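A closer look at the structure
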Amino acid sequence: MASLRAFLTVAIVAVSVHAILATEYVVGDAKGWSLNFNYQAWAEGKEFHVGDKLVFKYAQGAHNVLRVDGTAFQQCAAPATIQPLTTGNDVITLATPGPKWYLCGVGKHCESGNMKFSITVLPQVESPASPPSDSLVPSPNLPSAASSIVLSEYYALMIGVFGIVLLIMV
Ligand SMILES: [Cu+2]
């Protein structure tokens, strides 16, 4: 039984460490998602990994969040097919490595208000960063990737809970 207990302890610790390693970034920190803040400078000093989350905080209706490709980013013009996030507390889980672009689609907030930034998401494992790909893959496959990550976290949590229950019973 001792070995089972040791195994379960390791499993629980592994699950906990995984949860701790994912970082949640509030975009703009205390400033939130608002006009006239240098978001590119905010992003420069940070390392983003798959599994981390971006949280956009703003007064609902004042702004929105658009995930765009590099071309739309340069032009501050998102295709009409892209659905904006509008809750005022928008959480984006970084599901895939590579370059990502975000902007506000309200009025001229992108052009004149500097509400835009790009990041490069690094792989989850601690390995040398692969060079960012130049291919601009728009987001149709992103929701499914994001939900599968959420699902795997859910399973990890269930395993952790199950392990703790077993540990108490053993
Ligand atoms: Cu805005």
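Residues numbered from 1 in each chain as written. Predicted model: local features only at pLDDT ≥ 70, side-chain atom pairs only at ≥ 80, totals over all residues.

As a reminder of what qualifies: UniProt positions are given in the numbering used here, feature names are shortened, and annotations may be inferred rather than shown by experiment.
Under the annotation held in an unreviewed UniProt entry, the protein chain carries the name Phytocyanin domain-containing protein and is attributed to Actinidia rufa. Its UniProt record, at the heading Subcellular location (unreviewed entry), says of the protein chain: "Membrane".

Let's talk about the pairing of strand β6 (residues 98–103)
In plain terms, the rule: Strands are treated as partners if at least two bridges between them are detected by DSSP. Runs of E in the DSSP output that reach at least two residues are strands. Runs of H or I that reach at least four are helices, and both are numbered from the N terminus.
Here strand β4 (residues 66–68) pairs with β6 via 3 bridges, running antiparallel. Across the sheet, the residue bridging to Val68 is Trp101, located in β6. Pairing analysis gives 6 bridges linking β6 to strand β7 (residues 116–122), with the strands arranged antiparallel. Note that in β7 the partner of Leu103 across the bridge is Lys116.

Observations regarding the environment of Phe73
For the record, the criterion: Here contacts are defined at the residue level, using C-beta atoms placed from the backbone and a cut-off of 7 Å between them.
Tracing the sequence through the fold places Phe73 in helix α3 (residues 70–75). Placed 29 residues apart in sequence, Phe73 and Tyr102 show a C-alpha to C-alpha distance of 7.3 Å. When residues no more than four places from it in sequence are discounted, the contact partners of Phe73 are Val68, Trp101, Leu103, Lys116 and Ser118.

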